[in-house]
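One-letter residues, chain by chain:
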Amino acid sequence: MTSESDGEPSPPPGYHNGMATLQAIKYNDGSLEILDQLLLPESCTYISINNVQDAWSAIREMKVRGAPAIAIVGSLSLAVELRKLAAPETKKDLHSLVKEKLDYLVTSRPTAVNMQLAAEACVKLSNYLVDKASVDAAEAKDVLVKHLEAKLANDIADNLAIGEHGARDIAKKCVNKDKIRVLTHCNTGSLATAGYGTALGVILSLHKANLVDQVYCTETRPYNHGSRLTALELVYEKIPATLICDDMAAAAMKEFNIDAVIVGADRVAANGDTANKIGTYQLAVLAKSHNILLYVAAPFSSIDFQIPSGQSIPIEERPHSEMTHTGSIRTAAAGINCWNPGFDVTPAQLITGGIVTEKGVFKSDQLVPV
Ligand SMILES: CSC[C@@H](O)[C@@H](O)C(=O)COP(=O)(O)O
C-alpha cells in the first residue's frame, strides 16, 4: 500500500500551527470562529460567527457540520449574542429571547438531534431561573452564558471517554489479533466535534495503543466528507489509512479481513436504530454478511429517547447540486432526476458491536435515559 506520492504524506500548509488536532471551533471570551469545512482540504480558513444568524447559515451550508459540532456552534453563537446584550429588563424577556433564538437554531438541519437536545436543556435552565426569586435578570444571563460555553470542554471530555470505551471493547473482542483493521464512514473526528472525535476518536485511541493495522476510510459521496475531511484527519494524526470509494466497501471487507466498522451517529432512537450519513445502512448490511462487528460511537446527547424507533427520524434531503456537480463543474447528465438524502437509518439489530458512549458501550436494548 503506498501513499499518493509514494513518500511521507505532508499535510497542507497551515495545518500545524501549534494545533494539537485539527480544530473546527475556536472560542475565546465571546469570540467564535469556525474552520470553513467547505474549503478543506485545500485551504485552512477560519470565519467569524458573530450571532445566531451567522451560525444558522454556516450550519445549513455545512461550513460546520457533524452532529456534536452543530450543537456546539449553535450554543456558542447564542453565548456570543448574550454576552453582547445589555442587561435584560426582566428574566421573562431574557427567556423569550433565548427560546426564540434556540428554536431558530434547531431549524438549521433536521436529522442530528444534538442541537435540539441542547436547546431543550437550555430552555429548561432558563425556565428554572425565571422561577428562582433569588436570581436577577443579569445573573440569569450569566448563568445561561456559562451553561452554553461549557459545551466545548464537555464535548472534548466526552469524546476522550468514548475513545477509551470503544478502543477497550474492540481490543477485547479482537483479543486474538495483534493489530486491528477498521473501516469508517463520513467524518467523525475533531472536525465534527469540539476535538478528538467520536468514531474517529475510538480509532485514535486504538492508534495510541498501537493497535491499528489499517483504517479504511470511505470517500462518502456525494459530499466527500471521507476523502476531504476524514482522510485529512487520518494523515494529520499519522494513522495508517487507505481511502476507498463507497462502492468498494464489500470488496474491501472481503479482501482485507476487516475486524470492525466504526461510524458516528446523528440521532439514535430509543430502540437503538441509528441515523447517520447516507451509506451507513449499506455498510451495516455488508458488515453483517461478512461477520464484521459494527459499532456506533456517539455522545449520549445523540440519543433521542423521545422517539421509539428510527422510523420517526426526520431525514434531511440535500440540494441535488451536491450530486450533479463537483465544485462548480457539472458531472451528471443534465435533465436527470436526483434523490439526495443526507442520512439513512441503520436498524439496531445490525449494530453488532455496540453503541459506544461516554458512559460505556451499550447493546441497543440497554439504552436508558440518565
Ligand atoms: C461525530 S459526527 C457524527 C455524524 O454527525 C456524522 O457521522 C455525520 O453523519 C455527519 O453528517 P454531516 O452531513 O456532515 O453533518
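Parameters and conventions
- Residues numbered from 1 in each chain as written.
- Predicted model: local features only at pLDDT ≥ 70, side-chain atom pairs only at ≥ 80, totals over all residues.
- Heavy atoms only, no water.
- Helix = DSSP H or I, 4+ residues; strand = E, 2+ residues; numbered from the N terminus.
- Buried < 20%, exposed > 50% of the residue type's maximum accessible area, 1.4 Å probe, protein only.
- Axes fitted to C-alpha atoms, helices over the stretch in contact; angles between N-to-C directions.
- Parallel < 35°, antiparallel > 145°, perpendicular 65-115°, else oblique.
- Left-handed = near helix turned anticlockwise from the far one by under 90°.
- Contact = heavy atoms within 4.5 Å.
- Nonpolar A, V, L, I, M, F, W, Y, C, P; charged D, E, K, R; others polar.
- Domains from an automatic or database assignment.
- Buried area = accessible area lost by both parts, 1.4 Å probe.
- Near = heavy atom within 4 Å.
- Polar contact = N/O pair within 3.5 Å; in protein donor to acceptor, adjacent residues only side chain to side chain.
- Areas by Shrake-Rupley, 256 points an atom, 1.4 Å probe, with all protein chains shown as cover.
- UniProt positions renumbered as here; feature names shortened; annotations may be inferred.

Engineer: Teacher, can you tell me more about unusual backbone geometry here?
Structural biologist: What you tend to see is this: most non-glycine residues have negative phi, and most peptide bonds are trans. Here the amide bond leading from Leu-40 into Pro-41 is cis, since omega sits at 5°, within 30 degrees of zero. Looking at where Pro-41 falls in the secondary structure, it is placed in the loop between strand E2 (31–35) and strand E3 (46–49). Following Arg-221, the chain continues to Pro-222 via a peptide bond in cis, the omega torsion being 5°. As for its placement among the helices and strands, Pro-222 is situated in the loop between strand E5 (212–218) and helix H7 (225–236). Phi is positive for Tyr-196, which is not a glycine, with a value near 75°. Residue placement: Tyr-196 occurs in the loop between strand E4 (180–184) and helix H6 (199–208). Taking relative accessible area as the criterion, Tyr-196 reaches 11% and is therefore assigned buried. Positioned with a positive phi, Asn-291 is a non-glycine residue whose angle comes to about 60°. Relative to the assigned elements, Asn-291 resides in the loop between helix H9 (280–289) and strand E10 (293–297). Relative accessible area serves as the criterion here: at 73%, Asn-291 is assigned to the exposed category.

Engineer: How should I be thinking about the packing of helix H8 (residues 249–256) against H9 in this particular structure?
Structural biologist: Closest axis-to-axis distance for the H8/H9 pair is 10 Å, and the angle between their directions is 30°. The orientation of H8 with respect to H9, classified from their angle, is roughly parallel. Classified by chirality, the crossing of H9 by H8 is right-handed. Where H8 abuts H9, its residues Ala-249, Ala-250 and Met-253 lie against Leu-283, Leu-286 and Ala-287. The class makeup of the residues in the contact of H8 with H9 is 6 nonpolar, no polar and no charged.

Engineer: What should I look at first to understand the domain arrangement of the chain in this one?
Structural biologist: In many reports, interface size means the accessible area that the parts give up when they come together. Examined at the domain level, the chain breaks down into domain 1 (25–155) and domain 2 (163–366). Placing a centre on the C-alpha atoms of domain 1 and another on those of domain 2 gives a separation of 27 Å. Each partner contributes to the interface: domain 1 provides 25 residues, whereas domain 2 provides 30 residues. Summed over both partners, the interface of domain 1 with domain 2 comes to about 2,200 Å²; 51% of that surface belongs to carbon and sulfur atoms.

Engineer: Looking at this model, I keep getting lost on the site of the ligand. Mind explaining?
Structural biologist: Around the ligand, a shell composed of 18 residues is seen, among which Arg-65, Arg-109, Asp-266, Asn-276 and Lys-277 lie nearest. In this structure, Gly-66 approaches the ligand through a main-chain N or O atom, which is 2.9 Å from an oxygen atom. Contact with the protein chains covers 99% of the free accessible surface of the ligand, which is 420 Å². Those elements that provide at least two residues to the shell around the ligand are helix H2 (67–84) and strand E9 (274–277). In terms of residue class, the shell around the ligand is made up of 7 nonpolar, 7 polar and 4 charged. Inspection of the shell around the ligand shows a minimum of three residues originating in each of domain 1 (25–155) and domain 2 (163–366).

Engineer: I keep staring at the UniProt feature "active site" (unreviewed entry) in the chain and nothing clicks. Help me out?
Structural biologist: According to UniProt, the feature "active site" (unreviewed entry) maps to Asp-266 in the numbering used here. Counting through the fold element by element, Asp-266 comes out in the loop between strand E7 (260–263) and strand E8 (267–269). Residue Asp-266 is classed as buried on the basis of its relative accessible area of 8%. When neighbours within four sequence positions are excluded, Asp-266 is seen to be in contact with Ala-67, Thr-111, Ala-112, Val-113, Asn-114, Ala-275, Asn-276, Lys-277, Ser-302 and Phe-343.

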